[in-house]
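So you can see what is in the structure, the chains are spelled out below.
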Amino acid sequence: MLSINNKDISFTVRVMKRKTIAIMVLSTGIVEVRCPKGVSNKYIEELLKKKSQWILKNIEDINRGGKLEEVLFLGKYKKIHKIEGKENLISVENSIINIQYNGKINIEELFTNYSKEKLRHIVVEIINNYKDIMGINFNKVAMKNIKTRWGSCSSKGNLNFNVKLIGAPLDVIEYVVIHELCHLIHMNHSKEFWREVSKYCPGHKEKSHWLKVNGHILMNMFSNI
Ligand SMILES: [Zn+2]
């Protein structure tokens, strides 16, 4: 470990058959020093300090580009394709998500904002489909970055949904929304509550099972945010 400008930088040294020393910043953000046999640690540390500006800039570039490579999106794994461009634009295809970014923005933040909007659209549509037949009234709907729950419903009728739900299949999102809407009728998990959920979502056990099995993947997906 090396400390540059109060930042701890981890580095590894690989002794190789070569004549010169090379410093590389790997995509993981770890600094790798490749050097011939017999180079002292002290020499390496001094060299790293000398190159500190260059190292920090490279680590910053990697962080800005994000570590996002593949995500679950509406129940399907999609590869993230990053392109630097003039604008910040996201487009979703069958198995790829294209993220064009202008190099100044954090990719994970950009993708989270996009996911929030997309999820809001889906959630509002589901609420509109059910609110009349369920005979419910609600106050506000918000997409939030919640650490432990998929959704919540306050006594004031405010509904919150976890932005990470965007990774789940549509029918699972629908179940979570119906679950929270049913809390507007029963603020508990009583038999009556589950009877209400079954009425609008007969396959709810299957959906909540999906969340139990895959939930940790969704929770880890945007762990840096
Ligand atoms: Zn509940």
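Residues numbered from 1 in each chain as written. Predicted model: local features only at pLDDT ≥ 70, side-chain atom pairs only at ≥ 80, totals over all residues.

*Asks:* Now, about the sheet that holds strand S12 (residues 159-162): what can you tell me, with residues and values included?
*Replies:* Pairing within the open sheet is mixed, and its three strands lie in the order S10-S12-S11. Edge positions in the open sheet fall to strand S10 (141-144) and strand S11 (151-153), since each of these has one partner strand only. Put simply, the sheet's adjacent strands are angled 15° from each other on average, direction ignored. One ladder, built from three bridges, connects S11 with S12; its direction is antiparallel. Each residue of the ladder has a partner; that of Ser152, found in S12, is Asn160. Contacting S11 and S12, helix H4 (residues 170-183) runs over the sheet at an angle of about 15° to S11. (Pairing = 2+ DSSP bridges. Helix = DSSP H or I, 4+ residues; strand = E, 2+ residues; numbered from the N terminus. Axes fitted to C-alpha atoms, helices over the stretch in contact; angles between N-to-C directions. Contact = placed C-beta atoms within 7 Å.)

*Asks:* Hey, could you go over the sheet that holds strand S7 (residues 76-84) for me, with residue numbers and the actual values?
*Replies:* Reading across the sheet, the four strands line up as S6-S7-S9-S8 and stay open at both edges, with mixed pairing between neighbours. Lying at the two open borders of the sheet, with one neighbouring strand each, are strand S6 (70-73) and strand S8 (89-92). On average, adjacent strands in this sheet sit at an angle of 30° to one another, irrespective of strand direction. Here S7 runs beside strand S9 (residues 96-101); their pairing, made up of six bridges, is parallel. Bridge pairing in S9 places Lys79 opposite Ile96. Running at roughly 120° to S9, helix H3 (residues 107-134) makes contact with S7, S8 and S9 of the sheet.

*Asks:* Before we move on, could you go through unusual backbone geometry and cite the residues and values that matter?
*Replies:* A negative phi angle characterises most non-glycine residues, just as the trans form characterises most peptide bonds. Positive phi, normally seen in glycine, also occurs at Leu74, with a value near 50°. Assignment of secondary structure puts Leu74 in the loop between S6 and S7. Since 17 C-beta atoms lie within 10 Å of it, Leu74 is described here as partly exposed. (Buried ≥ 20, exposed ≤ 12 C-beta atoms within 10 Å, placed from the backbone.)

*Asks:* Which residues make up the nonpolar core, and what are the values?
*Replies:* Counting residues in hydrophobic clusters, the biggest one holds 23 residues, and the most contacted among them are Leu119, Phe161, Leu165, Ile173, Val176, Val177 and Ile178. Ranked by residues supplied to this core, first place goes to H4 with eight residues. What Phe161 contacts, discounting residues up to four positions off in sequence, is Leu119, Val123, Met143, Gly151 and Val176. Counting residues in each nonpolar core, the second largest holds five residues, with Val25, Val31, Cys35 and Ile55 among its members. (Core = buried A, V, L, I, M, F, W, Y, C linked by C-beta atoms within 7 Å.)

*Asks:* Could you give an account of the environment of Ile133, with specific residues and numbers?
*Replies:* With respect to the helices and strands, Ile133 occurs in helix H3. Ile133 sits in the exposed class, given 9 other C-beta atoms within 10 Å. In the structure, Ile133 is positioned 16 residues away from Arg149 in sequence and 26 Å away in space, judged by C-alpha atoms.

*Asks:* Residues and numbers for H4, please.
*Replies:* Residues separated by three or four positions in an α-helix point in the same direction, a consequence of the helix having 3.6 residues per turn. Under the 1.5 Å per step criterion, the end-to-end length of H4 is 20 Å for 14 residues, consistent within 8% with the ideal 20 Å. Of all 14 residues in H4, 12 are buried, a share of seventy percent or more. Buried within H4 we find Val172, Ile173, Glu174, Tyr175, Val176, Val177, Ile178, His179, Glu180, Leu181, Cys182 and His183. Against H3, S11, S12, helix H5 (191-200) and helix H6 (204-221) lie the buried residues of H4. (Expected span 1.5 Å × (residues − 1).)

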